[in-house]
Every structure is written in C-alpha cells, then in structure tokens.
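Geometric and topological summary
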Amino acid sequence: MPEDGRVSGERMDDLNKAMDRLRKEQVYSAYTSVSNILEDQADGEATDYRVAILRNITVEPVLPVIAGEIGLLGLQPKFYVGDFDTIAQDIFSPKSDLFSHNADAIILFQWLELLSPALQNEILSLGAKGIEQEIERVLDHFRTQFSALRDQTTAGVLVHNFPILHRPTLGIIEAQSGGVQNAAMVKLNTGLAEVANEFSDVYIVDLQGLFARLGAASAFDERYWAMAKAPIGKNALVPVGQEYGRFFRALSGHARKCLVLDCDGTLWGGVVGEDGLSGIRLGLEYPGNSFVAFQREVLNLYNRGVILAVCSKNNEDDVLEVFRDHPDMVLKENHFAALRVNWSDKAENLISIADELNIGVDALVFVDDTDFECDRVRGALPEVGVLHLSGDPSSFRRQLSEAGLFDNLTVSDDDLKRNKSYQAERQRKSLSKTASSLEDYLGSLDIKAKIGLVTEKQIPRASQLTQKTNQFNLTTKRYTEGEIRAFSDRDGSDVLTMWLGDNVAEIGTIGVAIILYKDETAEIDSFLLSCRALGREAENAFLKFVIDNARTRGCKTISGSYLPTKKNAQVSEFYEKRGFDQVEDTEWCLDLSNTKADKIICPAWINMEEFPK
C-alpha cells in the first residue's frame, strides 16, 4: 500500500472508498470497514506495521480503530494479541510468540482494578502507609515488565496510566481531606511516568486525561466490564484508538511538519476582501476572541517547531494588511515560511508550498473552514492531512489541539530552532542573489560542519531524523532511541551525526550515518540528511568523514544500499556519482585503496571539525 494509503488494481474501489470515508468521517463504522478490508485482503505491497497487545482486559472492540489508524499511515497492520491475563507468560518467556512476532510497538493494556483491587475499591482499608506500599508494589510490577521487555526487544512500549472511574469512596469529604483516593491515583500515575522514563522507548498513553475529557461515566462501560472485563465504553472506542494512533504516527516516522492555514473563516471571522481590515471578526469580544484563541494555539505549534504556511483564495495585499496592521493578530507575516495568497486551486498551491519548503506533501496539514476546499484537497492529495474546522469558532482551538497531527515522541533543541532556520534561509536566498556564482555564495556563508560519534544528548535527535527524513535518505530505515543507543554502544557499529551552521544562523544537527563493521568491510546501514542541509554539498563532507573513519578502523572496503521509495529518488545515483561499483540491484561497494575513494572530498567552502570525544 502506498504511503497515502491508496491502492490500485482490483482492490482500489473497496479499500480506497473506505479510506476516503474514514478520512472524512472518523466514526467507528468507518474504522471497522477499513479494518475488515485490510484483514481480508492483505496487500503484498504494503509495509507491515506489527503491533503486539498484552492485556488483562477485553480489547477486541478497540482493535478496528487501531487497525484503521495504522491503515491511514499507508501501513498494513499485523497483530499479536496475547491471551487474556497471560502478560507474565508472554513477557518472561524469551521463546514466547510475543517476541517471534517482531513487533514495532507493544501495547500493555492493564486495568487497575485487576492489578490492585485494594487501590481501586478498598483504599480506606489500607491506611496511609498501606497506600504507599501498594503504589510501590504496582510500580515495581511495571518496572519488572519494562526491564524484561527491554532485554528482549527494542520495540516501542505503550502503557496507559489509570483513569479515575467513579466518585471517590469518601464522597464529598474527599475534597475536604486532601483527596485521599484522587491523591493516590495522581501519585500512582506520576510514579508510572517516572518508571517509564527509566527505560528507553517506553511511553505513557494518557488514559486518565482522555477519560477526564470524555467523562468517566461515558468512557467506562460498567455493564460490559461486569460481563466481559471490557471497560472501554462505546463512546470512547474511537478516541482511545486514535490516541494510540498518535503514537504509531510518531513511532513510524509519519508525523507532520507543516501547518497550512486558510485565512477567511479560519484565522479570522468574515471575508477581508469584503469586510475590510476593521470589519473582520478578531479581538476581545465573541466571536473574534475565538479566532484569537485559535491563533494562540497555532503559535504554540510554531514554538514547538511546526512550520507555518498560508494557502488562501484572496487578494494578497488584503491579507498582508491584516498580518501587518491588525492590532489583534497574534500571528504575523514573519511566522510563515511560505505564503500562497491567490485565486489558484488550493491543491496546486499545496504542492507548490511543499516544493518551496523542500518537504513532501505528506508532511502537510491543511486547515480550512470550507467543506468544498477540504474535500477538494482530500480527493486530489489524499496524503495531505486535512482538518475541516466545523461548528462554532469557539471550538476551533480544541479541534486543532485534539487532532494531534504534529505529535512527536521528543521535542529537540533543533525542533525549537526550526522556524528560525527557515527565516535564516530566506536571508541566505537574499544573499545568493548578489553572489557572482554558487561557489562564491557558499564561500561567503562561512559554513561550519561538526561531525563525530553520537552523544547521549544527541540520541533523541538522531532517532527523530531517522523517523522523519524521507528525501535524502538512502535506506529510510526507522530507528527508536533504544535502537540508536544499541548501535552506539556496540563495538561493531558507529552512529555518526553532523551539525551545520554558518554566519547567518545555526542550522543544527542535520545528518545521521549508521555504520556496521565486519572483518575489513564498513557497511553503511543508514545515511541521511535533513532537507534543511541540502544544496551545500554537506553530504560529501559527511561521506568523506565516514570513509576516513572506516579507514582508521582498518577497513579496506565500504558498502551501502539504495532502497528506493516514493520520496527518495533524488539520491538514486548517490553512490554511482561518487565512484561506488554496483554489485547487486541495490548494493554498491567502494575499494578504499582505489583512487576513486580519494576523490570524495569535503567541499572547500565547508570548514569541518570533529566533535570532541
């Protein structure tokens, strides 16, 4: 299945129609339709995404939503579902079916009432000391499970925290007494997050927060819990499955990068071309304050490193006047990396924005209040995330935040600097217009590169780059933080990173290479650069360092693979152009004693340094 989730041939009609419906209507029946088709007609072209589920509850009702979320990523879900309440047998037996499944993600569904009936139903009988001891016992239970999983697999582990399901035992006295039961639950959930942080790639799914938003009475099904140990109510099945989908999106490298916004009816109320600057609804009073709140949420995303762009059918001068002169505009012109304010088709404008920013269209999220425009983009560019802002504008902020389309597992310093990087790139483009040649322009930037072995602090960023980089990525292998750490710690492999900066601004950590050593051969497992680094020939400086490092290890040859995808065609000739010999369809090799290897040099305009060891 292609990365937009669409297929061709005999299966096109059923699956594509089901996918199109699911993108527009995220309801349980739409998820079930997609799940059933994916299960019955496994697509040999799709990349499998393997999920193992260990549980002490009945999880089958939520599985169609989880499967649909994986399908929306263009992946084929493959499940291992452990038997009811056999978690210990699965985890502590190295030969269990759990580990032979080779999961990409492992979900632990464990309900507190079965783990600790005392904390859930008999808390007053424990006393203060007993509560503390029982919380520690539950936390040790999880610590032991996480440790055993990390010994056997590098898969991401997802474990939910615990919702407060009913009124506390003390009733109205609970609030007067400092919250005996609620305080215990907060302490347990806080402790669970701390235990998860002791291990790499273990993540907390916030079921407590989700149930609070949905309402515990609606999210928890008392009848089905009593009948079948199935606690998740029908109103919570889709939200719970979608919450896990947010993690799958991040774990599999499908997180979005750029938020593309309409203007009229989205950033402000009314039509600026008709109402004028003073007539649009934007300010302290309703409904203008709802648009201000929405813009503040957009600004939060910007400060997290999400790229912003505008795609609006409008007169450009009218829109720019609002950005520059309206006193209640939170977002200003300089917050946007690209502007498309014209009367052209919005799908075409989105392609143009992606080209300008050097990212794939699947990195875009398009936000509009018009059904017609949203349907047009869904039909023309199904790989673009589409958020249709519907209903009262007071709900727009919530709709954006709940979509979770920009969730990542970490937020690095490079993420926080990303938008400054795009502003700096505009400054560089201005400088390039005055240079007599590309070489003179690059030389004028005084580019600095720092290359060396990955440090513990850089591991999250290195993992993030493997998961998010698609275009200049020779193998597009995705690795978790734990897997990067394992490569780094192993004697037979290196993880190298590359940092770039110039006299305009710091660009940041933009490159990762994973090298495996065996006998006298260095194998390039991964070699990738962020799109922000392209156009400077930084890849040659990076490869030169990889070769020099292999020579110091006594290697006589270096090999690498190019695994073609829909997005990395630009590196299809990477090895050929640098003197490597093709030995198989996807395999390339270079004799390090050959003069061809000496022709791979660091460009004269890049000053290369090695990171301190």
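See the structure shown above.
The paragraphs below set out a description of the structure included in this document.

Reading guide: rules and limits
- Residues numbered from 1 in each chain as written.
- Predicted model: local features only at pLDDT ≥ 70, side-chain atom pairs only at ≥ 80, totals over all residues.
- Heavy atoms only, no water.
- Patch = residues over 30% accessible without salt bridge, like charges linked within 9 Å, V, L, I, M, F, W, Y side chains within 5 Å.
- Areas by Shrake-Rupley, 256 points an atom, 1.4 Å probe, with all protein chains shown as cover.
- Salt bridge = Lys/Arg side-chain N within 4 Å of Asp/Glu carboxyl O.
- Lys, Arg positive; Asp, Glu negative; His and termini not counted.
- Charge placed at Lys NZ, Arg CZ, Asp CG, Glu CD.
- Helix = DSSP H or I, 4+ residues; strand = E, 2+ residues; numbered from the N terminus.
- Buried < 20%, exposed > 50% of the residue type's maximum accessible area, 1.4 Å probe, protein only.
- Pairing = 2+ DSSP bridges.
- Axes fitted to C-alpha atoms, helices over the stretch in contact; angles between N-to-C directions.
- Contact = heavy atoms within 4.5 Å.

**Considering a negative patch on the surface**
Taken together, the side chains of Glu316, Asp317, Glu321 and Asp325 present a region of like negative charge at the surface. Tracing the backbone shows Glu316 in helix 17 (residues 316–325). With a relative accessible area of 42%, Glu316 lands in the partly exposed category.

**Section: the sheet that holds strand 4 (residues 156–160)**
Within the open sheet, the 5 strands sit side by side as 2-1-3-4-5. Their pairing is parallel. Across the chains shown, the open sheet's two edge strands, defined by having one partner strand only, are strand 2 (75–81) and strand 5 (202–205). For this sheet, the mean inter-axis angle between neighbouring strands, taken without regard to orientation, is 25°. By the bridge criterion, 4 bridges tie strand 3 (residues 105–109) to strand 4 in an arrangement that is parallel.

**Comments concerning unusual backbone geometry**
Comment: phi is negative for the bulk of residues other than glycine, and the bulk of peptide bonds are trans. A cis geometry characterises the amide bond from Tyr286 onward to Pro287, with omega recorded as 0°. Despite not being glycine, Asp85 has its phi angle at roughly 60°, a positive value. Looking at the element boundaries, Asp85 is found in the loop between strand 2 and helix 4 (87–92). For Asp201, which is not glycine, the phi dihedral falls at a positive 60°.

**Here we look at helix 25 (residues 481–489)**
For helix 25, the full list of buried residues reads Glu481, Gly482, Ile484 and Phe487. Buried residues belonging to helix 25 abut helix 24 (459–468), strand 12 (493–501) and strand 13 (506–518).

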